[in-house]
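Descriptive structure summary
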Amino acid sequence: TRPGLNGVWVAPDGTATLVGVRGAALRLTPTDEIIRDRTETPLVLHAVFGTADRRVAVGGSLDSAPPWTGLVLEDAR
């Protein structure tokens, strides 16, 4: 079973970063290689964006009962 995906960002080099449930974070390269990034979180990642030198994913526990927790993950390159 694969987790659902919620957000996609495509870098200028064509690499797509995809994020989703249970902390899923994947990169799909222009050559169709799939790389799974370790996020160390079971929380949902809702969106991802990037710049030339970093990627940022946001999410949290918004899909569960309160109290809610927010999450920001940053990957500096």
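Cut-offs used in this document
- Residues numbered from 1 in each chain as written.
- Predicted model: local features only at pLDDT ≥ 70, side-chain atom pairs only at ≥ 80, totals over all residues.
- Heavy atoms only, no water.
- Helix = DSSP H or I, 4+ residues; strand = E, 2+ residues; numbered from the N terminus.
- Rg over C-alpha atoms; globule rule 2.2 N^0.38 Å.
- 1 Å grid on protein atoms, 1.4 Å probe; cavity = no way out; pocket = protein on both sides within 12 Å on 5 of 7 lines; lining within 4 Å.
- Points joined across faces, edges and corners; volume = space filled by probe spheres on them.
- Nonpolar A, V, L, I, M, F, W, Y, C, P; charged D, E, K, R; others polar.

Turning to the overall build of the chain, a few remarks are in order. Across its full length, the chain holds zero helices and seven strands. Along the chain, from the amino end to the carboxyl end, the secondary structure elements read β-β-β-β-β-β-β. The C-alpha atoms of the chain give a radius of gyration of 12 Å, which matches the 11 Å a tight globule of 77 residues would have. Across its three principal directions, the C-alpha atoms of the chain cover 40 × 30 × 15 Å.

Moving on, we get to the layout of surface pockets. A volume near 170 Å³ is recorded for the largest pocket. Secondary-structure elements contributing two or more residues to the lining of the largest pocket are β2 (16–20), β6 (54–60) and β7 (70–76). A class-by-class count of the residues in the lining of the largest pocket yields five nonpolar, two polar and five charged.

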